[in-house]
Amino acid sequence: MGFNCGIIGLPNVGKSTLFNALTSTAQAETANYPFCTIESNTGRVRVPDCRLGILAEIANSTKISPTYLEFVDIAGLVKGASKGEGLGNQFLANIREVDAIIHVLRCFTDDNITHVGNTLDPVRDAEIVETELMLADLSGLERRAELLMKKLKAGEKDVGEDLNLVERLLQSLRAGSPARDVVLKDGEEQQLHMMNLLTSKPVLYLCNVEEEFASTGNEMSKRVAVYAENQGAKILCISAQIEAEVSQLENEVEKAEFLETIGLKETGLARLIRAGYSLLNLITYFTVGPNEARAWTLAHGTKALRAAGRIHTDFERGFICAETISFADYKNLGGEQAAKVAGKMRQEGSEYPVQEGDVILYRFNV
């Protein structure tokens, strides 16, 4: 099971520059003209986690395997995308395939880089894209409602609950609110997920600012913050140009020294990865041994049985228990055996919801 964030926005806001910095490659072409990106680009990004190195050192692991988050660079949307403008149908289809949305907004001034709207207004830009996503959802739901009505009239009573949800979603969209704002009843979360609506996906507004405002934001990003708060969303300020420069440095020491000279403690990309994790409601847990210390990504609330299956189907098929130690106990006591002696190792069953930072050894028999 993979987890990915789609990077979207109007053309020429810095999406591809940001994506290239994230993946430290030149995989996504960057240029000063609209629709430079046509096909979506995908990159897996290592999730920075200092805990993994600590665990590996304690266990004398010969290999360290981090967990990854996937980012997808999606071509710029324009007004009319929901009706196919600017290859909009293709780009909207790419958005449907991601789990969450990173909406990049241009909050920097540069006369050398054109803006598709000719003037700078990140809130207007956000509204343009959000409106196109809502119009696309509205069109699809209207067709779905018509089909469900026909089935209901034909005597298929089991479609009533689906129709009720669709009608509430349509009411929200027609009022100018995204699908994510609809209050769901018990059991409707899976129904909504199956509809794969664009505006049901969680969103983070990423303000691309000038270098001097990377840590504080600027007046434009402050306006976006107000807009995001009204949307129930969060924002993050990053200078894509800084991130591009940092990504070209060869080692972590050089990167740290460069960041220190401009008053930053960490890269914006590290903050973005954490924000993406939070946006997708993910957790990290660990498996540790002499051969390998490895981090694993799970959706919050995932049960131990399913988590075991992520590693190997035999773990799930022959599951006995999950011997679990918290990261803090593993670190403070000095490893698995010491934690076991101190009574800090727990034997959890298949229904145990894996917790952030758990160190787990699966017992199984096939």
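Let me sum up the structure you'll find in this document. For every chain, the first residue of the written sequence is number 1, and numbering continues from 1 onward in sequence order. The model is predicted, so local features are restricted to residues of pLDDT at least 70 and side-chain atom pairs to those at 80 or more, both for listing and for counting; the totals for chains, interfaces and linings are taken over all residues. Side-chain descriptors were evaluated using all non-hydrogen atoms of the structure, hydrogens and water having been removed beforehand.

With that settled, consider the overall build of the protein. Helical segments are the DSSP runs of H or I of at least four residues, strand segments are the runs of E of at least two, and each set is numbered from the N terminus. In terms of regular secondary structure, the protein is built from 14 helices and twelve strands. Among the 366 residues that make up the protein, the fraction classed as buried is 48%. Residue pairs at least 24 apart in sequence account for 69% of intrachain contacts in the protein once pairs closer than 6 positions are excluded. Only the protein chains shown count as cover for residues, and all accessible areas are computed by the Shrake-Rupley method using a 1.4 Å probe. Carbon and sulfur atoms provide 49% of the accessible area of the protein, an area that totals close to 18300 Å². Note on classification: 1.4 Å probe, protein chains only; a residue is buried when its accessible area is under 20% of the maximum for its type, exposed when over 50%, partly exposed between these limits. Residue contacts are defined here by distance: any two heavy atoms, one from each residue, within 4.5 Å place the two residues in contact.

Let us look at unusual backbone geometry. Unlike most non-glycine residues, N60 shows phi in positive territory, near 55°. If you trace the backbone, N60 turns up in the loop between α2 (50–59) and β3 (64–65). Phi angles above zero are rare outside glycine, and N196 is one such case at about 55°. Counting through the fold element by element, N196 comes out in the loop between α6 (188–195) and β6 (203–208).

Strand pairing is defined by DSSP finding a minimum of two bridges between the two strands. What the six strands build is an open sheet, ordered β2-β4-β1-β5-β6-β7; its pairing is mixed. Both edges of this open sheet fall to β2 (41–46) and β7 (234–238), since each of them pairs with a single strand only. Within the sheet, the average angular offset between the axes of one strand and its neighbour, ignoring direction, is 25°. Where strand β1 (residues 4–8) meets strand β5 (residues 100–106), four bridges bridge the pair, whose relative direction is parallel. Counted as the bridge partner of G6 is I101 from β5. Fitted lines through C-alpha atoms serve as axes, helices being fitted only where they are in contact, and the angles separating the N-to-C directions of these axes extend from 0 to 180 degrees. Where helix α10 (residues 268–279) meets the sheet, it contacts β1, β2, β4 (68–73), β5, β6 and β7, and its direction lies at approximately 165° from that of β7.

The geometry of a pair of packed helices is captured by two quantities: the angle between their axes and the separation between those axes. For the pair helix α1 (residues 15–23) and α10, the least separation of the axes is 10 Å and the interaxial angle reads 90°. Judged on the interaxial angle alone, α10 and α1 are roughly perpendicular. Residues L18, A21 and L22 of α1 pack against L269, L272 and I273 of α10. Here the contact of α1 with α10 is built from residues that sort into six nonpolar, no polar and no charged. For this classification, under 35 degrees means roughly parallel, over 145 means roughly antiparallel, 65 to 115 means roughly perpendicular, and everything else is oblique. In this classification, Asp, Glu, Lys and Arg are treated as charged, Ala, Val, Leu, Ile, Met, Phe, Trp, Tyr, Cys and Pro as nonpolar, and every other residue, Gly included, as polar.

Two faces, one strand: in a regular strand the side chains alternate between the faces of the sheet. With respect to burial, β6 is a largely interior element, six of its six residues being buried. Burial along β6 is two-sided: V203, Y205 and C207 facing one way and L204, L206 and N208 facing the other are all buried. Alignment of β5 against β6, held across six bridges, turns out to be parallel. By the bridge assignment for β6, H103 is matched with Y205. Across five bridges, β6 lies against β7 in parallel orientation.

A contiguous patch of negative charge on the surface is contributed by E250, E254, E257 and E260. By the element assignment, E257 lies in helix α9 (residues 252–261). Patch members must show over 30% relative accessible area and no salt bridge, and they are joined within 9 Å when carrying like charges or within 5 Å when they are nonpolar side chains of Val, Leu, Ile, Met, Phe, Trp or Tyr. Here, a salt bridge means any side-chain nitrogen of Lys or Arg that lies within 4 Å of a carboxyl oxygen of Asp or Glu. When charges are counted, Lys and Arg are positive and Asp and Glu negative, with His and the chain ends excluded. Charged side chains are reduced to one point each, which is NZ for Lys, CZ for Arg, CG for Asp and CD for Glu.

Turning our attention to the packing of helix α5 (residues 160–174) against α6. With their axes 11 Å apart at the nearest point, α5 and α6 run at an angle of 70° to one another. Our classification of the angle between α5 and α6 gives roughly perpendicular. Relative to α6, the crossing made by α5 is right-handed. On α6, the residues that touch E161, D162, N164, L165, V166, R168 and L169 of α5 are E188, Q191, L192 and M195. When its residues are assigned to classes, the contact of α5 with α6 shows five nonpolar, two polar and four charged. For a crossing to be left-handed, the near helix must be turned anticlockwise from the far one by less than a right angle; the clockwise case is right-handed.

Moving on: the packing of aromatic side chains. Each pair of aromatic rings taken from Phe, Tyr and Trp, with Trp reduced to its six-membered ring, is defined by centres within 6.5 Å and is described as stacked if the planes are under 30 degrees apart, edge-to-face if over 60, and tilted in the remaining cases. Following the criterion strictly, the structure yields five aromatic pairs and no others. Summarising the aromatic geometry, the rings of Y205 and Y227 are spaced 5.6 Å apart at their centres and angled 70° between planes, so their arrangement reads as edge-to-face. Of this pair, Y205 sits in strand β6 while Y227 sits in helix α7 (residues 219–231), and the two are 22 residues apart along the sequence. For Y205, a relative accessible area of 0% gives the class buried. Among the aromatic side chains, those forming a connected cluster through ring pairs are Y285, F315, F319, Y362 and F364. In this scheme, the term charge over a ring applies when either NZ of a lysine or CZ of an arginine sits within 6 Å of the ring centre and within 35 degrees of the ring normal. One cation-aromatic arrangement involves R44 over Y68; the distance from NZ or CZ to the ring centre is 4.1 Å. Between the NZ or CZ atom of R294 and the centre of the ring of W296, over which it lies, the distance is 4.1 Å.

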